[in-house]
Amino acid sequence: MNISVPRRVTAVAALAALALAGLTGTSATARPAEAAGAAAAPDISLAAVKQHLTDLQSIATSNGGNRAHGRAGYKASIDFVKAKLDAAGYTTSLQTFTTSGATGYNLIADWPGGDPNQVLMSGSHLDSVTSGPGINDNGSGSAAILETALAVSRAGYQPSKHLRFAWWGAEELGLVGSKYYVNNLATTERSKIKGYLNFDMIGSPNPGYFVYDDDPTIEKTFKDYYAGLGIQTEIETEGDGRSDHAPFKNVGVPVGGLFSGADYTKTSAQAQKWGGTAGQAFDRCYHSSCDTTANINDTALDRNSDAIAHAVWTLSAGSTTPPTGKVFENTADVSIPDNGAAVTSTVNVTGVTGNAPSNLAVGVDIVHTYKGDLIVDLVAPDGSVYNLHNRTGGSADNIVQTYTVNASSEVANGAWKLRVQDKASADTGYINAFKLTFP
Ligand code: DTR
Ligand code: CA
Ligand code: ZN
Ligand code: ZN
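In this text the structure is predicted, and so the values were computed from the model without any measurement. Within any chain, residue numbers begin from 1 and follow the written order of that chain's sequence. As they are written, the chains are lettered A onward and the ligands numbered 1 onward, keeping that order. It should be noted that, the model being predicted, local features are given only for residues of pLDDT at least 70 and side-chain atom pairs only at 80 or more, the latter also being counted only at that level, while totals for whole chains, interfaces and linings use all residues. Hydrogens and waters are ignored; side-chain quantities use all the structure's heavy atoms.

Caption draft 1: Geometry of the site of ligand 1. Near is defined per residue: the residue qualifies when any heavy atom it owns lies within 4 Å of the molecule or strand. Taken together, 15 residues sit near ligand 1, with Glu171, Glu172, Asp200, Tyr286 and His287 positioned nearest. Side-chain polar atom of Glu171 to an oxygen atom of ligand 1: 2.9 Å apart, as the coordinates give it. Accessible surface area values rest on a Shrake-Rupley calculation with a 1.4 Å probe, where residue burial reflects the displayed protein chains alone. Protein chains shield 97% of the accessible area of ligand 1, which is 370 Å² for the free molecule. A 1.4 Å probe that fits but cannot get out identifies a cavity on a 1 Å grid over protein atoms alone, an open set with protein on both sides within 12 Å along at least five of seven lines counts as a pocket, and a residue lines either if it has an atom within 4 Å of a point. Cavity and pocket membership follows a simple rule, namely that a molecule belongs there if more than half of its atoms are within 2 Å of the grid points. Spatially, ligand 1 is embedded in the largest pocket. Looking at the shell around ligand 1 residue by residue, the classes come out as five nonpolar, three polar and seven charged. N or O atoms within 3.5 Å of each other form a polar contact, as long as, within protein, one can give a hydrogen and the other can take it, and as long as residues adjacent in sequence are counted only when both atoms are side-chain atoms. Each residue is assigned to one of three groups, with Ala, Val, Leu, Ile, Met, Phe, Trp, Tyr, Cys and Pro labelled nonpolar, Asp, Glu, Lys and Arg labelled charged, and all others, Gly among them, labelled polar.

Put into structure tokens, the structure is as follows:
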């Protein structure tokens, strides 16, 4: 896990409460103002979200007309989303599972930074049914959180919480991907997830504006956002247990989300407040071949995309101006082969302008008997090597030390590696942590 920990950590709960308090009372036309302290979410471009939907439509069209689990169109969808996130500086991972005789894929994307013990997660299922391209169900949610994630990167947003995004596989087969993720998450990791936001169908052609009635803080964040737009919302009751928030809710993670309606019929009262057609389904193409890019209401997609960005910013707090001191850390253990090949631990530095400093603090934490076996190098993003330890120290154990490196000739942003090689047999160990501090 590649984590940057800003020097200051604001009282997130107080900020979120402030932000929530600041949302009521704004005029019906203005976008809700953010309360003092919480960074303002950017507007999410409808055109950008629709472009992602066009791309997902093309993927379906080129792969038998769908993006269903186990089909080529699903894997192509995952690869499409992953490529954009990798290019934007996210730490991505593909989690595989097997269901109905085929390999499924969850894509998890972590934004470097924030408190690793306070994770705000947003997710959408990326798979469609076999009968169609699944643009509203659920290209809409997938595209909206993708564009929100890209907006975080463009803004260099440094929230107090750690941001994680997920695109789930095989939701249509029974929430298989999200269940697999939650079931395989250590209890300690589950407890770090302070909120899970789910977005499954947010651009329905005859839209409703439904807010999940689960965690009250998350629910209020969305309801107050829409109140600021002068839009009445309703609580979403039909979907309880029917989308990817359910596995998180079942293990006690606070959940919330938005929904624009599926095959249920819009009432006259709902048409009065939301427009559209009474007596007609919110989405007449639900699970059908006509769930294409033509099956989207632009206003609902735009409003919900902006509401998602607002919730991510508000519930993660933090500021868009990167703090002066920045810390990037990778705490994943990497075992060191005895008298074998070199191994590395990587941190992706983002949001630091210009070159690295002449006093870059390199935190090394290696657990290893007989440290005289080891050669330890810092490798800069361009491949330059700075030797930190060269087989000194004899039979003493472990290297837990901060080295000061003059890295002023190196561009700061990029993938920095700690490279460790064990050059003698019998003693073994692992990289426990690797940390870079930019003063
Ligand atoms: N998006 C649907 C699951 C779903 C979520 N909320 C509702 C409400 C009513 C019907 C279906 C749903 C799917 O993935 O099939
Ligand atoms: Ca927008
Ligand atoms: Zn569905
Ligand atoms: Zn769905």
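We are not done yet, so read on.
Caption draft 2: Spotlight on the coordination of the zinc ion (ligand 4). Think of the donor list as every N, O and S atom within 2.8 Å of the metal, or within 3.2 Å for Na, K and Ca; water never makes the list, so a site can look incomplete. Of the protein atoms, only His125 (NE2), Asp137 (OD), Asp200 (OD) and Asp200 (OD) coordinate the zinc ion (ligand 4), at distances of 2.0 to 2.5 Å. Geometry at the zinc ion (ligand 4) is irregular, judged from its six donor atoms and the angles of 56 to 164° they form at the metal. Counting the intervening residues between successive donors of the zinc ion (ligand 4) yields the motif H-x11-D-x62-D. In this model, the zinc ion (ligand 4) sits 3.6 Å from the zinc ion (ligand 3), the two metals being bridged by Asp137. Residue His125 is found in strand 4 (residues 115–125), and its partner Asp137 is found in helix 4 (residues 135–155); the two are separated by 12 residues along the sequence. In this structure, His125 and Asp137 share a single accessibility class: buried. The rule is simple: four donors are tetrahedral if all their angles sit between 85 and 135 degrees, four are square planar and six octahedral if opposite donors span more than 155 degrees and the others lie between 65 and 115, and anything that fits none of that is irregular. By definition, any uninterrupted DSSP run of H or I lasting at least four residues is a helix, any uninterrupted run of E lasting at least two residues is a strand, and each is numbered from the N terminus. Summary of the burial criterion: residues with accessible area below 20% of their type's maximum are buried, those above 50% are exposed, and those between are partly exposed, where the area comes from a 1.4 Å probe applied to protein chains only.

Caption draft 3: Up close: the sheet that holds strand 12 (residues 343–349). A pair of strands is treated as paired once DSSP finds two or more bridges between them. Pairing within the open sheet is antiparallel, and its four strands lie in the order 12-17-14-15. Each of the sheet's edge strands pairs with one partner strand only, and the pair in question is strand 12 and strand 15 (385–390). Pairwise comparison of adjacent strand axes, ignoring direction, gives a mean angle of 15° for this sheet. As paired elements, strand 14 (residues 374–379) and strand 15 share five bridges and run antiparallel to each other. Looking across to strand 15, one finds that Leu378 is bridged to Tyr386. Working convention: axes come from line fits to C-alpha atoms, limited for helices to the stretch in contact. Angles between N-to-C directions cover 0 to 180 degrees.

Caption draft 4: Highlighting the nonpolar core. Among buried residues, those of type Ala, Val, Leu, Ile, Met, Phe, Trp, Tyr and Cys that are joined through side-chain atoms within 4.5 Å constitute a nonpolar core. The biggest cluster of nonpolar side chains holds 62 residues, and the ones touching the most others in it are Leu85, Tyr90, Trp167 and Leu258. In this analysis, two residues are considered to be in contact whenever any of their non-hydrogen atoms come within 4.5 Å of each other. Once residues lying within four places of it in the same chain are set aside, the contact partners of Tyr90 are Leu85, Ala109, Asp110, Trp111, Pro112, Ala149, Leu150, Val152, Ser153 and Phe165. Grouped together as the second largest cluster of nonpolar side chains are 30 residues, Val347, Leu360, Val362 and Val364 included.

Don't take any of this as a statement about function, it's just geometry.
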